[in-house]
Amino acid sequence: MIEIVALGLSLIALLFAFYIWFQSKRSKQESEASVTTLQGQLESLRKQMMELHTGAIGMGQRLQSVEGTMQQVNDRQQELTMQDPERRLYSRAAKMVELGADLDEVMSECELPKAEAELLISLRKGRS
């Protein structure tokens, strides 16, 4: 009778050991699957980051190009403004108004008629 009980307990212990081994193996497979999934996601994110990096570099180069072009346009505009003597006087008068010059000062320094100086002052005040 003791032998049957011992055999039964041995069988239960063997089944329990098999169950633990099976659970361990299943858990390991699930872990490996999770690791594989995470590695795939990581690789996908790495590719996206590279695409963003490449796009940012391209955008930076374009911005530099546009800035250079804008600087050339501004330089050319300044050249043209300074070539025309009348424009130069009006540019100087506008600058004086921005700096707070009064009507008489603008008229005398830039040799502008009173009406034009008044118009320039009112235009500059309207902008600010």
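The model shown is predicted, which means the values in this text are computed figures rather than measured ones.

**Quick notes on the UniProt feature "transmembrane region" (unreviewed entry) in the chain**
Residues given the UniProt feature "transmembrane region" (unreviewed entry) here are residues 6–22. From the first C-alpha to the last, residues 6–22 spans 24 Å; its make-up is 100% helix and 0% strand.

**Some thoughts on unusual backbone geometry**
The phi dihedral of Glu111 is positive, around 55 degrees, even though this residue is not glycine. Looking at the secondary structure, you find Glu111 in the loop between helix H3 (103–110) and helix H4 (114–127).

**Points about the domain arrangement of the chain**
Interfaces are often described in size by the accessible area the parts lose on coming together. In terms of domain boundaries, the chain breaks down into domain 1 (34–79) and domain 2 (83–127). A straight line from the C-alpha centre of domain 1 to that of domain 2 covers 45 Å.

**Details of the nonpolar core**
Membership of the largest hydrophobic core is limited to 11 residues, which are Ala93, Ala94, Met96, Val97, Ala101, Val106, Cys110, Leu112, Ala117, Leu120 and Ile121. Broken down by secondary-structure element, the contributors of at least two residues to this core are helix H2 (85–98), H3 and H4. Take this core: its biggest share by element is four residues, from H2. Residue contacts for Ala93: discarding those within four places in its chain leaves Val106, Cys110, Leu112 and Leu120.

Basis of the calculations
Residues numbered from 1 in each chain as written. Predicted model: local features only at pLDDT ≥ 70, side-chain atom pairs only at ≥ 80, totals over all residues. Heavy atoms only, no water. UniProt positions renumbered as here; feature names shortened; annotations may be inferred. Helix = DSSP H or I, 4+ residues; strand = E, 2+ residues; numbered from the N terminus. Domains from an automatic or database assignment. Core = buried A, V, L, I, M, F, W, Y, C linked by side-chain atoms within 4.5 Å. Buried < 20%, exposed > 50% of the residue type's maximum accessible area, 1.4 Å probe, protein only. Contact = heavy atoms within 4.5 Å.

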